[in-house]
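If you want the building blocks of each chain, they are given just below.
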Protein chains: 2
Amino acid sequence: MLTDRQLLILKIIVDDFIRSGQPVGSRTLSKKEQITFSSATIRNEMADLEELGFIEKTHISSGRVPSQKGYRYYVDHLLPPFRLTQKDIQTIRSIFHEQIYELEKLIQKSAQILSDLTNYTTVVLGPSVKEHKLKTIQIVPLNAETAVAIIVTDTGYVEKHVVTLPPSIPTSDVEKMVNILNDRLTGVPLEDLTDKIQTEVTHVLREHIQSYDHMLRMISASLDLNAPAQMFLSGKMNMLRQPEFNDIDKLRALFNVIEQEKEFYRLLRKHKQQGVQVKIGTENDVEGMENCSLITATYSVGGEKLGTIAVLGPTRMEYSRVISLLNLVATDLSNVLTMWYQKD
Amino acid sequence: MLTDRQLLILKIIVDDFIRSGQPVGSRTLSKKEQITFSSATIRNEMADLEELGFIEKTHISSGRVPSQKGYRYYVDHLLPPFRLTQKDIQTIRSIFHEQIYELEKLIQKSAQILSDLTNYTTVVLGPSVKEHKLKTIQIVPLNAETAVAIIVTDTGYVEKHVVTLPPSIPTSDVEKMVNILNDRLTGVPLEDLTDKIQTEVTHVLREHIQSYDHMLRMISASLDLNAPAQMFLSGKMNMLRQPEFNDIDKLRALFNVIEQEKEFYRLLRKHKQQGVQVKIGTENDVEGMENCSLITATYSVGGEKLGTIAVLGPTRMEYSRVISLLNLVATDLSNVLTMWYQKD
DNA sequence: TGTTAGCACTCTAATAAAGCGAGTGCTAAA
DNA sequence: TTTAGCACTCGCTTTATTAGAGTGCTAACA
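Report follows, based on the coordinates. (Residues numbered from 1 in each chain as written. Chains lettered and ligands numbered in written order. Predicted model: local features only at pLDDT ≥ 70, side-chain atom pairs only at ≥ 80, totals over all residues. Heavy atoms only, no water.)

Helix and strand counts for chain A stand at 12 helices and 10 strands. For 344 residues, the compact-globule estimate of 2.2 N^0.38 gives 20 Å, and chain A exceeds it by more than 25% at 27 Å. In terms of its C-alpha atoms, chain A occupies a principal-axis envelope of roughly 90 × 40 × 35 Å. Here chain A, with 344 residues, has 53% of them falling under the buried criterion. Carbon and sulfur atoms make up 47% of the accessible area of chain A, which amounts to about 16,100 Å² in all. (Helix = DSSP H or I, 4+ residues; strand = E, 2+ residues; numbered from the N terminus. Rg over C-alpha atoms; globule rule 2.2 N^0.38 Å. Buried < 20%, exposed > 50% of the residue type's maximum accessible area, 1.4 Å probe, protein only. Areas by Shrake-Rupley, 256 points an atom, 1.4 Å probe, with all protein chains shown as cover.)

A few words on the packing of aromatic side chains. All names here are of chain B. For the structure shown, the criterion picks out 4 aromatic pairs over all chains. For the ring pair Phe-54 and Tyr-73, a centre distance of 5.3 Å and an interplane angle of 75 degrees mean the geometry is edge-to-face. Here Phe-54, found in the loop between helix H3 (39-51) and strand E1 (55-57), pairs with Tyr-73, found in helix H4 (residues 68-78); they are 19 residues apart in sequence, far enough to count as distant. Since its relative accessible area comes to 2%, Phe-54 is described here as buried. Ring plane angle 50 degrees and centroid distance 5.8 Å describe the contact between Tyr-71 and Tyr-319, whose orientation is recorded as tilted. (Phe/Tyr/Trp six-rings, centres within 6.5 Å; stacked < 30°, edge-to-face > 60°.)

Another point: the protein's contact with DNA strand D. In the neighbourhood of DNA strand D, 20 residues make up the surrounding shell, with Ser-26 and Met-46 of chain A together with Thr-41, Ile-60 and Ser-61 of chain B lying closest. Atoms of DNA strand D within 4 Å of the protein: sugar and phosphate make up 80%, bases the balance. Interatomic distance of 3.2 Å between a side-chain N/O atom of Arg-43 of chain B and a base oxygen of DNA strand D. Looking at the surface near DNA strand D, the elements that each hand over two or more residues are helix H2 (26-30) and helix H3 (39-51) of chain A together with H3 of chain B. Broken down by class, the residue content of the surface near DNA strand D amounts to 4 nonpolar, 11 polar and 5 charged. (Near = heavy atom within 4 Å. Polar contact = N/O pair within 3.5 Å; in protein donor to acceptor, adjacent residues only side chain to side chain. Nonpolar A, V, L, I, M, F, W, Y, C, P; charged D, E, K, R; others polar.)

For these two chains of identical sequence, chain B goes onto chain A by a turn of 180 degrees and a shift of 0.0 Å along the axis, with RMSD 0.1 Å. The relationship between the two copies is best expressed as a two-fold rotation axis. Every residue of chain B has its C-alpha some distance from the rotation axis, and the shortest such distance is that of Ile-248 of chain B, at 3.5 Å. In this assembly, 100% of the residues forming the interface of chain B have copies in chain A that are likewise at the interface, indicating an isologous arrangement. (Least-squares fit on C-alpha atoms with pLDDT ≥ 70 in both. Contact = heavy atoms within 4.5 Å.)

Moving on, we come to a negative patch on the surface. A contiguous patch of negative charge on the surface is contributed by Glu-131, Glu-191, Asp-192, Asp-195 and Glu-304 of chain A. Secondary-structure assignment places Glu-131 of chain A in the loop between strand E3 (121-125) and strand E4 (134-141). (Patch = residues over 30% accessible without salt bridge, like charges linked within 9 Å, V, L, I, M, F, W, Y side chains within 5 Å. Salt bridge = Lys/Arg side-chain N within 4 Å of Asp/Glu carboxyl O. Lys, Arg positive; Asp, Glu negative; His and termini not counted. Charge placed at Lys NZ, Arg CZ, Asp CG, Glu CD.)

Quick look at the sheet that holds strand E7 (residues 231-234) of chain B now. Residues and elements named next belong to chain B. As summarised here, the arrangement of the 5 strands in space is E7-E3-E10-E9-E8, forming an open sheet in which the pairing is antiparallel. Edge positions in the sheet fall to E7 and strand E8 (277-280), since each has one partner strand and no second. Sheet twist, expressed as the average angle between the axes of neighbouring strands with direction ignored, equals 20 degrees. In this sheet, E7 lies alongside strand E3 (residues 121-125) in antiparallel orientation, the contact comprising 4 bridges. Residue Leu-125 lies in a different strand from E7, and its bridge partner there is Met-231. Helix H12 (residues 319-342) rests against E8, strand E9 (292-301) and strand E10 (304-314) of the sheet, and its axis sits at about 20 degrees to E9. (Pairing = 2+ DSSP bridges. Axes fitted to C-alpha atoms, helices over the stretch in contact; angles between N-to-C directions.)

Taken together, the neighbourhood of DNA strand C is formed by 20 residues, with Arg-5, Thr-41, Ile-60 and Ser-61 of chain A together with Ser-26 of chain B sitting nearest. Counting only atoms of DNA strand C within 4 Å of the protein, the sugar-phosphate share comes to 77%. One nitrogen or oxygen atom from the side chain of Arg-43 of chain A is found 3.2 Å from a base oxygen belonging to DNA strand C. Of all the secondary-structure elements, those providing two or more residues to the surface near DNA strand C are H3 of chain A together with helix H2 (26-31) and H3 of chain B. Its residues placed into classes, the surface near DNA strand C shows 4 nonpolar, 11 polar and 5 charged.

Here the focus is helix H6 (residues 103-118) of chain B. Residues and elements named next belong to chain B. Its 16 residues place the ends of H6 22 Å apart at the C-alpha level, agreeing with the 22 Å of an ideal helix rising 1.5 Å per residue. Packing partners of the buried residues in H6 comprise helix H5 (86-97), E3, E7, E9, E10 and H12. Two residues or fewer after H6 comes Asn-119, characterised by a positive phi angle close to 70 degrees. (Expected span 1.5 Å × (residues − 1).)

Taken across its 8 residues, E4 of chain A has 6 buried, putting it largely inside the fold. Hairpin connection between E4 of chain A and strand E5 (residues 146-153) of chain A: a loop of 4 residues separates the two successive antiparallel strands.

Here we come to the interface of chain B and chain A. The partner chain A presents 37 residues to the 37 residues of chain B that form the contact. Of the roughly 3,300 Å² buried between chain B and chain A, counting both surfaces, carbon and sulfur atoms make up 64%. Between chain B and chain A we count 2 salt bridges in total. One salt bridge connects Lys-160 of chain B with Glu-104 of chain A, and the closest N-O pair in it is separated by 3.6 Å. At the surface where chain B touches chain A, the tally comes to 6 residue pairs in polar contact (both at pLDDT 80 or more). (Buried area = accessible area lost by both parts, 1.4 Å probe.)

Counted under the stated rule, the structure contains 37 salt bridges over all chains. We note a salt bridge from Arg-72 of chain A to Asp-76 of chain A, for which the minimum N-O separation is 3.3 Å. Of this pair, Arg-72 of chain A and Asp-76 of chain A both sit in helix H4 (residues 68-78), separated by 4 residues, roughly a single helical turn. By relative accessible area, which is 44% here, Asp-76 of chain A ends up partly exposed. In this structure, Glu-102 of chain B and Lys-105 of chain B form a salt bridge, with 3.9 Å as the shortest nitrogen-oxygen distance. Note on Glu-102 of chain B: relative accessible area 7%, which makes it buried. Residue Lys-105 of chain B is classed as partly exposed on the basis of its relative accessible area, which comes to 41%. Through salt bridges that share partners, Asp-16, Arg-19 and Lys-32 of chain A make up one connected network.

Let us look at the packing of helix H7 (residues 171-185) of chain B against helix H8 (residues 193-208) of chain B. A pair of packed helices is captured by two measures, namely the crossing angle of their axes and the spacing between those axes. Residue and element names in this part refer to chain B. For the pair H7 and H8, the least separation of the axes is 10 Å and the interaxial angle reads 140 degrees. Taken together, the axes of H7 and H8 are oblique relative to one another. Crossing of H7 against H8: the hand is right-handed. Only Leu-193, Lys-196, Ile-197, Glu-200, Val-201, Val-204, Leu-205 and His-208 of H8 make contact with H7, whose side of the interface consists of Asp-173, Lys-176, Met-177, Ile-180, Leu-181, Arg-184 and Leu-185. Of the residues contributing to the contact of H7 with H8, the split by class is 9 nonpolar, 1 polar and 5 charged. (Parallel < 35°, antiparallel > 145°, perpendicular 65-115°, else oblique. Left-handed = near helix turned anticlockwise from the far one by under 90°.)

A few words on the environment of Gln-277 of chain B. All names here are of chain B. Relative to the elements of secondary structure, Gln-277 occurs in strand E8. On the basis of relative accessible area, Gln-277 is assigned to the partly exposed category, the value being 22%. Residues Gln-277 and Asp-332, 55 residues apart in the sequence, show an inter-C-alpha distance of 17 Å. When neighbours within four sequence positions are excluded, Gln-277 is seen to be in contact with His-271, Leu-294, Ile-295 and Thr-296.

Residues and elements named next belong to chain A. Where E5 and strand E6 (residues 158-164) come together, 7 bridges link them in antiparallel fashion. Bridging from a neighbouring strand, Ala-147 pairs with Val-163 of E6. What sits between E5 and E6 in their antiparallel hairpin is a turn of 4 residues, with Gly-156 showing a positive phi close to 90 degrees.

Functional significance is not addressed by these values, which are geometric in nature.
Structural data, given as structure tokens:
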């Protein structure tokens, strides 16, 4: 559909605009060494490209700027191969050289490095804990009335919850209950806990424990894990440095979205299959993100998706570089996690 | 030193400027009902006030704006009594009506409500966990090589740390160790743990446990609590709405400080004694906070300071209202916490 | 037939000029 | 001591002007 010359021109326009942020004119283009024809020819080609919707003018006599469709085509067909510098690679690898054994910390660190390297914002969707299996439940009484209920999963995830104890319950009962719970529930995925308690634990408790109903309510409350997967954002303030958000109103609109987090949650969850995905401008279908692109990748253990890691930047984004960086982080992260969890 | 009339004028200028954000001229002032004299008189008085350094002009023929000294005097001597609305009071009280049993959540909620009510940014310095006493240590093995070490304090604070286990250590040894640690260390303030382990636990462990040195190192690592007290920020983005930060560069400078967090840590720790403290502009002695004021208050249990809660806003801040709100939150928070911890 | 030089034209952004209005300081009168 | 009056200052907005970058179109060229 597009001639080679048109592709060349489109590619250079996008590259140049991503680099400079300025609309690209025919004269500027004609000076590029890859270009062997005159500015007049370029003008003709640009008029065609504009008619086809790949580029647009900011005003009637301005240079051209990639349209959303133009970016899309660029990302799909024209992306120049990008060689990460050794320094970038080393910076990323350094995350995994440190002795970090906690999933959350590892994820946070990844997000931070990625946002530092790209100068954009990184969003990570942590793994849903629902599928993690219970390792142990502990109830630590603090005083006569309150206790901390602690849940540990096979992945090392720890959740705590301060609860009230029934008045004057014997300590032995608490211990008994903890034993029963651990006996029956170890290895059960967190999302099934409530059911399992209903079907298997209630009747046992009823036999052995005073005021078992209060205790049950309490334990159910602390197991109320309808909490969505954790999300980590890093480098929000990098957006302050993007010239497209020099306008305070655009900035406000953007941060409204960013602070919501809800939308990101939705967007990141959408990404199911492997590989890197690029969503440009309105493709994200979020108000306030018209001028942003979101590049997402999943990380996984042994092929099974754990979560999503994404970079948010202006549509005028260094796609090539960001995709490479994101890819590296995601695969490294997956590798490390796969190693971790294959030990079991 | 200042005549009553000068005080009146100063007060109205500050009030009006805080309200409107516009320099206040003699004509505007003369229309206020409290003012019984002419604009010419006001001009004379304003010239004096300016000479004394309480107000300044933004340019040679502009209205007057409070100087830092002016704000200082206003806060120290002219603060109008502020009656919180019933609605504000109820909103704040609602924090404490909910069944929250966790210190962190309570603090976060307080910060959030305070930033919502004021439209400024709230910073809270959580209690230092150093003085909390150990309730229990648990070590939950995850697989052959790793385990989660969990520390619970008497305040319900939980800290976890994933650690590596010595190769092929018997489970019984881990249990033994946990028993020994709990035996010897329960009730010890966290900050003394390392010492206590050195003096009291090492020799016992040596007798009973294989590869006790690895275990010791491991447990020490997970007790490495030189982590500073937690800090919570809420409502950072409220600053976007302050007209003084409409300028993108000022905004950047401000967020540089906010994101650092280090400076806040320093500032909030400085506040030792009871009561509300107001630091205006350069009084904070932090680059980038010249246009900001920080109002701090401490919260405490039974008179003993636990942490600090603060509101950050532009120097053109609703001092009266913020002080009242902050006061209410801090005292309510103190009351609730005192109730909690007097149960022991 | 595709390419290019040339040119008139358009529009932005930067700069200058002009007028308005809010506010000041000073003077002289009450 | 207070106030009315007035000349003056400056920021802000509006209007004009200009320079420059870029375009589309036409006609000539290979």
